[in-house]
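# Structure assessment
These are the residues of each chain, in order.
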Amino acid sequence: MAVDTRKCVGCSDCVVACQTENSVPIGFCRDWVVEVTDGTYPTLELELRSERCNHCDNSPCVRCCPTGASHYDKGGIVVVTHNKCIGCGACIASCPYDARYAHPDGYVDKCTFCLHRVEKGLLPSCVATCPTKCMYFGDLNDPKSPVSIMLKNRKYKTLIPEAGTKPQLYFLI
Amino acid sequence: MATRRDFIRISALGAGGTAVAWPLVRNFAKELVDPERFIFEGMRRTPTYCEICFWKCAGWVYKNDKGDLWKIIGNDEDLHCNGRFCPRGTGGVGMYNDEDRLKTPLIRTQDRGKQVFREATWDEAFTYIADKLKKISREHGPECTALFTHGSGGKYFSTLLKAFGSPHIAAPSYAQCRGPREVAFQNTFGEGVESPERTDIRDTKCLVLIGSHIGENMHNGQVQEMSVAIDKGAIIITVDPRYSTAASKSKYWLPIKPATDLALLLAWIHVILEEELYDKAYVEKYTMGLDLLQAHVKGMTPEWAYGITTIPPEVIRQMAREMGHASPAVIVHPGRHVTWYGDDTQRLRAVAILNALLGSWGRRGGFFKPETASVPEVPHPAFPTPKRTWRTEFPDLYRLSDSVLANGVCDATIPDPSRGCNFKAWIVNGTNLIETLPNQDNTIKAIEALDLLVVIDTMPMEITGYADVVLPECTYIERYDEIRVSPHRKPQIALRMPALKPKYNTKPAYWMARELAKKMGLEAFFPYEKIEDLLDWQLKQLGTSLEEMQRIGVKTFERTADDLYFAPDEEVEFGTNSGKIELYATAFEQEGFDPLPKYTAHEEPPAGYYRLNYGRAPMHTFSRTSNNPNLTDLMDENSVWVNPKVAQEWGLTNDQYIHLRNQDGKRSEFPIKVRITERIRWDSVYMVHGFGHDQKRLKRCYGKGASDTNLITKVLVDPLMGGTGMRGNFVTFITESEEVKS
Ligand code: SF4
Ligand code: SF4
Ligand code: SF4
């Protein structure tokens, strides 16, 4: 997935759309918005971006999960099987992006890239709802997917690359 | 003056009236099950149009397999939202789920000398209202009744009021928001900008935002089209003393000194004329008054404006050239909430003139020509002719206003022996007047003089506490409403229907208005048994039906006549006095106002004070959403933005709670959190409007943050049309140590 920071207005629609689509309880979230301001008045820069699980290729959460609840699913998407999860929280501690939360029902939850929708050919809820259409989703192995095209044509960055997790969430800058 | 009317917190009420008929809801869901409508894995969807703001996006309400409300998403066919709701619309589920909703009708009574609400049946409530209205009509005339309305249900109460004999239907969205813009454009182009705005942002090459915060205001279509414009490489110029979200997306940000925008606009007109950057053929063909304008702006050079606005002359010139190069695909955006300094109509006239010179009105990438579908009215008897209007009372004021002024009605309610008519009854539908009208003390004084105040809302608001009768409306998710028609690139209609049965003892506005009409002997004006009958009749005239609209939600029609833009060399008759685009506003001249805009300096903050600017957050629509569980989850209080230099001077730290005090000594009711940020100038502070609620029943938002309205005691009234300018207030900080001293 790629998020275009030039278009994101930080409205948080992606957060509400995820909460309703995935019945995330109020007070918790699978995605969130970050605002970074740089400079001094009047020479300023502002970046707004929508963040979530990076579905890392080298995920510390999958490695540290004692029950195998956290695993790589179709297309490399990192998923937690709720009924296998014992809620120990090791993965929450291991994630450099703080992408996971303890669900009040006793398991750990996080972004699934809306696998249940993607399997049906629908876009993830946040991507489908974002009013600025600033998110692109698709298969990075397919050069014709919208996300591959964006990454080919635009400058981008990933978050905390030094953690070595090989994050799969890209920010167009 | 003794307070005849106490503010009542509805929390004083017991838990009665909360019996939810859950089994009923389930049954209802079953009844409506129709295999054709199972779209998504057995999920049922019903059409709606969103009521969280005036943009009225059309979408679908989805329920889960248990029949409970699941999510709301946009309808792909809808021109307002293109299948994508904004965060508030997506969070609309919270409006239904909010457990603080009004649950049953309430009537104000005395209990041991104390004013309280008692729960009432609908019949009692309607009898109470009808008796009072009839008495007011007998003693003072029906014209002494006014309706304040915001939102869809207002239509039915308007019919009721007109049938009763009063023309006084006021929408605070006029004089408190976009009125000056409409008057300025009507008197230049003969037409207003309307809502949704006719700005062709998606095809523009240059978008100039002056005091418009697209991205923080989530006027959905505008936000979406600005994103398209960014993709297409349009040049965005943002003029704002604050580094807004839009400013951060712009190629150029002009950090103007607050309250000086008109000087910048006039200097731009000067440069565009001087350097002949205007669309000559267009100006010659369609406009009048060029020579007068030329003479008028002669001395208004960028050097002159520099001293006023702090924007360097070369920047002013460069921006004018950018606009000129993009012409006619350029939009100097007219904004929406434009009631700032009392000379707002004139400022918007300068905006209109700029657009006229650049030839953007009626051109691709400028302003398109919208079309609206017309829904036939069901035949009913003619409305009685009112004997007087608020104009009779204020004959010489605000002559260019074409709407009833909410603040005008408010002023005419405060008893004054020199006037023949003082308003005696207000019906307030879906607008929290206490927070909407500036100068709260004035509003409360007016309310205290009323014989009857009826409030219709879904939530207990500040205004609810002053009501004699409270009528709880069900949310838009639980009701039918009038068919949505609005001007757009193509005529389109949208249906709202109930997805769920009303929770609690709540009812739709159309039902309330009709029941009241029956009590008052006015049912002839509501000649239908059920709203479904009315809607089906109307829809059939349009070549569709209720049944079809329940399936598709939105229907688009072809444009009837012409193109979205003027054809080359098209002869156009504009709706102005001269039939031309009036650079020189002849109607203003006739009424004794400046036919060409002049800059006047506005008051500046005294030492130790900062101009109070307010605005929007993308996840809230003022009071309407401030208690919404989904949306308070995103933002549950506002903060006051302070420049780091100012913070240092005052010893303020981030996240510290302070009070604010304005130039008239008014102190914010609740403390507000400090946000130290480079994004604000040192001469002003900023906060998001719609917080600092004083209604305890709003459990999630009571006392959270500060209310800007509370601090807006000075109102700069626009002499042309009565708009209430609210940006002339200054605040200072009250820190704890100061608090101890005083
Ligand atoms: S919905 Fe889109 S524009 Fe809004 S915050 Fe999320 S990513 Fe940004
Ligand atoms: S992809 Fe789905 S689960 Fe992940 S943040 Fe977006 S909406 Fe939530
Ligand atoms: S802009 Fe947002 S709040 Fe307004 S009608 Fe559309 S979805 Fe609803």
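Computed from a predicted structure; not experimentally measured.

### Side note on the overall build of chain B
A count of helices and strands for chain B gives 26 helices and 28 strands. If one aligns the C-alpha atoms of chain B with their principal axes, the spans along those axes are about 70 × 70 × 55 Å. A buried classification covers 65% of the 742 residues belonging to chain B. Counted over contacts in chain B with a minimum sequence separation of 6, partners at least 24 positions apart contribute 74%. Accessible area of chain B: about 25900 Å², with a carbon and sulfur share of 51%. Across chain B, the centroid of the 91 positively charged side chains sits 4 Å from that of the 97 negatively charged ones.

### A word on the interface of chain B and chain A
Counting from both sides, the interface comprises 40 residues of chain B and, opposite them, 41 residues of chain A. In total, chain B and chain A occlude about 3200 Å² of area from one another, counting both sides; carbon and sulfur atoms represent 58% of this. Considering only the side of chain B, the residues that lose the most area to chain A are B:Arg84, B:Lys249 and B:Glu678, jointly responsible for 20% of the buried surface there. At the junction of chain B with chain A, the criterion picks out four salt bridges. One salt bridge connects A:Glu35 with B:Arg675, and the closest N-O pair in it is separated by 2.6 Å. At the surface where chain B touches chain A, the tally comes to 18 residue pairs in polar contact (both at pLDDT 80 or more). For the side of chain B that touches chain A, the secondary structure elements donating two or more residues are β4 (69–74), α2 (87–90), α7 (220–231), α8 (245–248) and α23 (629–632) of chain B. Of the residues forming the side of chain B that touches chain A, the biggest block, six residues, is contributed by α7(B).

### Some remarks on the sheet that holds strand β5 (residues 106–111) of chain B
Residue and element names in this part refer to chain B. Across the sheet, seven strands lie side by side as β6-β5-β16-β15-β14-β7-β8; this open sheet has mixed pairing. The open sheet is flanked by β6 (114–119) and β8 (169–170), the only strands paired with a single partner. Here four bridges tie strand β15 (residues 452–457) to strand β16 (residues 469–472), and the two strands are oriented parallel to one another. Along β16, the bridge assignment pairs Asp457 with Pro472.

### Let's talk about the site of ligand 3
Near ligand 3 you find B:Cys50, B:Ile52, B:Cys53, B:Trp55, B:Lys56, B:Cys57, B:Phe85, B:Cys86, B:Arg88, B:Gly89, B:Met218 and B:Asn220, and these make up its full shell. For the shell around ligand 3, the class distribution of residues is eight nonpolar, two polar and two charged.

### Observations regarding the sheet that holds strand β10 (residues 170–172) of chain A
All names here are of chain A. Taken together, the four strands give an open sheet; going across it, the order is β8-β1-β10-β9, and neighbouring strands pair in mixed fashion. Every interior strand has two partners, whereas the edge strands, β8 (135–136) and β9 (156–157), have only one. Inspection of the sheet shows strand β1 (residues 2–4) paired to β10 by three bridges, in the parallel sense. The partner of Val3 across the bridge, within β10, is Phe171.

### Observations concerning the pairing of β4(B)
Working note: regular strand, side chains alternate between the two faces of the sheet. A large share of β4(B) lies buried, amounting to five of its six residues. Between strand β3 (residues 58–63) of chain B and β4(B), which pair antiparallel in sequence order, lie five residues; one of them, B:Gly67, sits at a positive phi of approximately 85°.

### With respect to the site of ligand 1
Surrounding ligand 1, one finds 14 residues, the nearest of these being A:Cys8, A:Cys11, A:Ser12, A:Cys14 and A:Cys130. Partitioning the shell around ligand 1 into residue classes produces nine nonpolar, four polar and one charged.

### What to know about the domain arrangement of chain B
Residues and elements named next belong to chain B. Taken domain by domain, chain B holds domain 1 (181–369) and domain 2 (610–741). For domain 1 and domain 2, the distance between their C-alpha centres works out to 29 Å. In this assembly, 26 residues from domain 1 lie in contact with 25 residues from domain 2. The three residues of domain 1 that bury the most area against domain 2 are Glu216, Arg242 and Tyr341, which together make up 24% of that side's buried surface. At the surface where domain 1 touches domain 2, the tally comes to zero salt bridges. At the junction of domain 1 with domain 2, the criterion picks out eight residue pairs in polar contact (both at pLDDT 80 or more). The element that contributes the greatest number of residues to the side of domain 1 that touches domain 2 is helix α14 (residues 344–357), accounting for three residues. Taken together, the residues of the side of domain 1 that touches domain 2 break down into ten nonpolar, eleven polar and five charged.

### As for the packing of helix α5 (residues 154–164) of chain B against helix α19 (residues 509–519) of chain B
All names here are of chain B. Here α5 crosses α19 at 15°, and the two axes come no closer than 8 Å. Here α5 lies roughly parallel to α19, going by the angle between them. Crossing hand, α5 versus α19: right-handed. Facing α5, whose interface residues are Tyr156, Phe157 and Leu160, α19 presents Ala509, Tyr510, Met512, Ala513, Leu516 and Ala517. A class-by-class count of the residues in the contact of α5 with α19 yields nine nonpolar, no polar and no charged.

### So, the packing of helix α9 (residues 261–274) of chain B against helix α12 (residues 302–309) of chain B
Residue and element names in this part refer to chain B. For the pair α9 and α12, the least separation of the axes is 9 Å and the interaxial angle reads 165°. Taken together, the axis directions place α9 and α12 in an arrangement best described as roughly antiparallel. Pair α9 / α12 crosses with left-handed handedness. Across from Ala263, Leu264, Leu266, Ala267, His270 and Val271 in α9, the residues of α12 making contact are Pro302, Trp304, Ala305, Ile308 and Thr309. Grouping the constituent residues of the contact of α9 with α12 by class yields nine nonpolar, two polar and no charged.

### Quick notes on the packing of aromatic side chains
Within the structure shown, the criterion is met by 28 aromatic pairs over all chains. Summarising the aromatic geometry, the rings of B:Trp361 and B:Phe367 are spaced 5.2 Å apart at their centres and angled 35° between planes, so their arrangement reads as tilted. This pair shows no difference in class: B:Trp361 is buried, exactly as B:Phe367 is. Among the aromatic residues, ring-to-ring pairing joins A:Tyr41, B:Tyr243, B:Trp253 and B:Trp682 into one connected group. The ring of B:Tyr686 has B:Arg242 lying over it, and the distance from NZ or CZ to the ring centre is 3.9 Å. Sitting over the ring of B:Trp641, B:Arg675 keeps its end group 4.4 Å from the ring centre.

### Focus on the nonpolar core
Residues and elements named next belong to chain B. Within the largest apolar cluster, 74 residues are counted, with the highest numbers of intra-cluster contacts made by Phe185, Trp268, Ile269 and Leu357. Of the residues forming this core, the biggest block, ten residues, is contributed by α9. Excluding residues within four positions of it along the chain, Phe185 makes contact with Gly190, Glu191, Gly192, Val193, Pro334, Leu348, Val351, Ala352, Asn355, Trp361 and Phe367. Membership of the second largest hydrophobic core comes to 50 residues, among which are Ile136, Ala425, Tyr480 and Ile531.

### Overview of the environment of A:Glu119
Residues and elements named next belong to chain A. One can find Glu119 in the loop between α4 (115–118) and α5 (125–129). Residue classification places Glu119 among the partly exposed residues on the basis of a relative accessible area of 47%. When the C-alpha atoms of Glu119 and Lys74 are compared, they prove to be 9.3 Å apart, with 45 residues separating the residues in sequence. A distance of 2.3 Å separates a polar atom in the side chain of Glu119 from a polar atom in the side chain of Lys74.

### Here we look at the pattern of salt bridges
Under the defined criterion, the tally for this structure stands at 60 salt bridges over all chains. Note that A:Lys74 and A:Glu119 form a salt bridge whose closest N and O atoms lie 2.3 Å from each other. With A:Lys74 in the loop between β4 (70–72) and β5 (78–80) and A:Glu119 in the loop between α4 and α5, this residue pair connects regions lying 45 residues apart in the sequence. In this structure, B:Glu197 and B:Arg181 form a salt bridge, with 2.6 Å as the shortest nitrogen-oxygen distance. Taken together, the residues span a long stretch of sequence, with B:Glu197 in the loop between α6 (172–189) and β9 (206–210) and B:Arg181 in helix α6 at a distance of 16 residues. No difference in accessibility class separates B:Glu197 from B:Arg181, as the two residues are buried. When salt bridges with common partners are traced through the structure, they connect B:Glu51, B:Glu473, B:Arg479, B:Asp481 and B:Arg496 into a single cluster.

### A word on the environment of B:Phe423
Residues and elements named next belong to chain B. Take Phe423: it is sitting in the loop between α16 (406–411) and β14 (425–429). Expressed as a C-alpha distance, the spacing of Phe423 and Ala259, which sit 164 residues apart in the sequence, is 35 Å. With residues up to four places along the chain from it excluded, the contact list for Phe423 reads Glu143, Cys144, Thr145, Ala146, His168, Val409, Ala412, Thr413 and Leu450.

Conventions adopted
- Each chain carries its own residue numbering, running from 1 in the written order of its sequence.
- To label them, take the chains in the order written and letter them from A, then take the ligands in the order written and number them from 1.
- Per-residue local features of the predicted model are confined to residues with pLDDT of at least 70, and side-chain atom pairs are confined, for both listing and counting, to 80 or more; whole-chain, interface and lining totals are unaffected and use all residues.
- To obtain the side-chain values, all non-hydrogen atoms of the structure were used and water was disregarded.
- Put simply, DSSP H or I for four residues or longer makes a helix, DSSP E for two residues or longer makes a strand, and each gets a number counted from the N terminus.
- Each residue's exposure class comes from its accessible area (1.4 Å probe, protein chains only) as a fraction of the maximum for that residue type: buried when under 20%, exposed when over 50%, partly exposed otherwise.
- In what follows, residue pairs with any heavy atoms lying within 4.5 Å of each other are defined as contacts.
- Areas reported as accessible are Shrake-Rupley estimates using a 1.4 Å probe. Residue values count occlusion only from the protein chains shown.
- For the charge count, each Lys or Arg is scored as positive and each Asp or Glu as negative, with His and the chain ends excluded.
- Taken as the charge location is NZ of Lys, CZ of Arg, CG of Asp or CD of Glu.
- A simple way to read buried area is as the amount of 1.4 Å-probe accessible surface that goes missing from two parts once joined, with both sides added.
- Basic side-chain nitrogens of Lys or Arg form a salt bridge, by our definition, when they fall within 4 Å of a carboxyl oxygen of Asp or Glu.
- N or O atoms within 3.5 Å of each other form a polar contact, as long as, within protein, one can give a hydrogen and the other can take it, and as long as residues adjacent in sequence are counted only when both atoms are side-chain atoms.
- In this analysis, strands are considered paired if DSSP registers two or more bridges between them.
- A molecule or strand has a residue near it when one of that residue's heavy atoms lies within 4 Å.
- When residues are sorted by character, Ala, Val, Leu, Ile, Met, Phe, Trp, Tyr, Cys and Pro go into the nonpolar class, Asp, Glu, Lys and Arg into the charged class, and all the rest, Gly among them, into the polar class.
- Start and end positions for the domains come from either an automated domain assignment or a database one.
- Where helices are involved, their axes are fitted lines through C-alpha atoms of the stretch in contact, as for all axes, and angles between N-to-C directions lie from 0 to 180°.
- Under this scheme an angle from 65 to 115 degrees is roughly perpendicular, one under 35 degrees roughly parallel, and one over 145 degrees roughly antiparallel; angles in between are oblique.
- By convention, the crossing between two helices is left-handed when the near helix turns anticlockwise from the far helix through less than a right angle, and right-handed when the turn is clockwise.
- Any Phe, Tyr or Trp ring, taking Trp's six-membered ring, that has another such ring centre within 6.5 Å forms a pair; planes under 30 degrees apart are called stacked, those over 60 apart edge-to-face, and the others tilted.
- Two conditions define a charge located above a ring, namely a distance within 6 Å from the ring centre to NZ of Lys or CZ of Arg, and an angle within 35 degrees of the ring normal.
- Note on terminology: a nonpolar core comprises buried Ala, Val, Leu, Ile, Met, Phe, Trp, Tyr and Cys residues joined through side-chain atoms within 4.5 Å.

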